[in-house]
Amino acid sequence: MIINQIKDDLKNAMKGGDSETVSTLRLVLSATHNREIIKRGSAPQGTDIALTDEEAIEVLRQEAKKRREAADLLRKGGREDMARKEEEEAEIINKYLPQMMPKEEIAVVVDKLMAAGFKDFNSLMKESMKTLKGKAEGSLVSAIVKEKVSAKNE
């Protein structure tokens with residue numbers, strides 16, 4: 001399981017004195033623990049509340065996205081040093097995430113959906129995200145869909 005791998009890597013980082021990795025992995029484990037608490041609240045009594053790998057990956061994606069967005073905002077605010085720290089944390093988290101689809105493959109999926117009858121931005125975006133869930137970044141999918149829809153409307 002991915003959470004066990006993170007825990008093992010946390011122990012190794014602690015032994016190795018890698019404070020950046022230690023702090024990032026602790027934050028990630030805290031976020032997964034919070035998700036387990038939420039899951040416990042909605043689960044019937046006696047149900048296993050441990051996160052599945054898919055749920056853990058979802059939490060990791062959210063945490064990485066938070067770091068990237070924070071880095072962008074910090075950079076706009078002139079805080080390059082703090083932006084770099086956020087990006088380093090995102091890189092640590094990304095090590096535990098499966099590879100995302102390249103832009104070219106996403107474009108092929110969007111083209112197939114357009115050929116299947118999804119023409120406007122909203123329906124195409126909704127269906128694209130359903131098809132590409134967990135395989136592609138939403139902002140990249142959105143950019144490709146906008147590009148394809150505007151090219152078709154010209």
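Here the structure is a predicted model, which means the values were calculated and not measured.

Caption draft 1: Quick peek at the overall build of the chain. Helices and strands together make up the secondary structure of the chain, namely seven helices and zero strands. Going from the N terminus to the C terminus, the chain shows its helices and strands as α-α-α-α-α-α-α. Along the longest, intermediate and shortest principal axes, the C-alpha atoms of the chain span 60 × 50 × 25 Å. Surface accessibility of the chain: about 9,700 Å² in total, with carbon and sulfur atoms responsible for 53%. Charged side chains in the chain number 28 positive and 28 negative. The centres of these two groups are separated by 3 Å.

Caption draft 2: Geometry of the nonpolar core. Counting 18 residues, the largest nonpolar core has Ile2, Ile3, Ile6, Leu25, Leu60 and Tyr96 as its most contacted members. Among the elements of the structure, α1 (2–16), α2 (19–42), α3 (53–76) and α4 (80–94) are those that each provide at least two residues to this core. In contact with Ile2, not counting residues within four places along its chain, are Asp53, Ala56, Ile57, Leu60 and Tyr96. Met101, Leu124, Val145 and Val149 belong to the second-largest nonpolar core, a separate cluster that totals 15 residues.

Caption draft 3: Highlighting the layout of surface pockets. In this model, the largest pocket occupies a volume close to 690 Å³. Arg61, Met100, Gly134, Ala136 and Glu137 are, among the 22 residues lining the largest pocket, the residues nearest its centre. Mapped onto the lining of the largest pocket, the elements with two or more residues apiece are α3 and α7 (138–153). Residues belonging to the lining of the largest pocket are distributed by class as follows: seven nonpolar, six polar and nine charged.

Parameters at a glance
Residues numbered from 1 in each chain as written. Predicted model: local features only at pLDDT ≥ 70, side-chain atom pairs only at ≥ 80, totals over all residues. Heavy atoms only, no water. Helix = DSSP H or I, 4+ residues; strand = E, 2+ residues; numbered from the N terminus. Areas by Shrake-Rupley, 256 points an atom, 1.4 Å probe, with all protein chains shown as cover. Lys, Arg positive; Asp, Glu negative; His and termini not counted. Charge placed at Lys NZ, Arg CZ, Asp CG, Glu CD. Core = buried A, V, L, I, M, F, W, Y, C linked by side-chain atoms within 4.5 Å. Buried < 20%, exposed > 50% of the residue type's maximum accessible area, 1.4 Å probe, protein only. Contact = heavy atoms within 4.5 Å. 1 Å grid on protein atoms, 1.4 Å probe; cavity = no way out; pocket = protein on both sides within 12 Å on 5 of 7 lines; lining within 4 Å. Points joined across faces, edges and corners; volume = space filled by probe spheres on them. Nonpolar A, V, L, I, M, F, W, Y, C, P; charged D, E, K, R; others polar.

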